[in-house]
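# Topology and contacts: notes
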Amino acid sequence: MIRRLHRRGERGFTLAEMVMVVALVALLTTMVLPVAKFTVKRQKEAELRSALRSMRTAIDEYKRLSDQGMIPVQIGGEGYPENLEILVEGVDIVGQMTKRKFLRRIPVDPMTGDIEWGLRSYQDEPDSDSWGGENVYDVYTQYDGIALDGTKYKDW
């Protein structure tokens, strides 16, 4: 009769089991990383769209009030804000005692991590990358990347 010696308390994994577990973990990691990168990029794009929408809405509201004569406009001015800071600081509305603020703060560009945005004035060309400085008609990101839909972020 062959006698087997078993020691109590000796448990463990064989080399084959360990190799199999490491291979499975590596396979799952290679599948998850691209999905995670895609998700992060999609989230940043959603944040960029939201920031651009809020600033453009504020610019449009400023313009609407200036067209109605509620915000004094300089002679020869187009009725757009002179810079983004005015939208945060607020302006005096004709006939009201309080300032009207259009933004709580200038949003951070999620692509660059900065509050510096590309600006276009009413007098600039629609695809201009330089700001004429007269007023703020439009804003865009200064990031040179390509979006998931194939468009340039600067064109949003």
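Computed from a predicted structure; not experimentally measured.

### Some details on the pattern of salt bridges
What the rule picks out here adds up to seven salt bridges. A salt bridge links arginine 49 to aspartate 149; its shortest N-O distance comes to 4.0 Å. Of this pair, arginine 49 sits in helix α1 (residues 15–67) while aspartate 149 is found in the segment after β4 (138–140), placing the two residues 100 residues apart along the sequence. Given the relative accessible area of 39%, arginine 49 is considered partly exposed. Where arginine 56 meets aspartate 138, a salt bridge forms, and the shortest distance between an N and an O atom there is 2.9 Å. With arginine 56 in helix α1 and aspartate 138 in strand β4, this residue pair connects regions lying 82 residues apart in the sequence. The class for aspartate 138 is buried, based on a relative accessible area of 16%.

Reading the values: the criteria
- Residues numbered from 1 in each chain as written.
- Predicted model: local features only at pLDDT ≥ 70, side-chain atom pairs only at ≥ 80, totals over all residues.
- Heavy atoms only, no water.
- Salt bridge = Lys/Arg side-chain N within 4 Å of Asp/Glu carboxyl O.
- Helix = DSSP H or I, 4+ residues; strand = E, 2+ residues; numbered from the N terminus.
- Buried < 20%, exposed > 50% of the residue type's maximum accessible area, 1.4 Å probe, protein only.

Remember, this is a structural readout, not a statement about activity or role.
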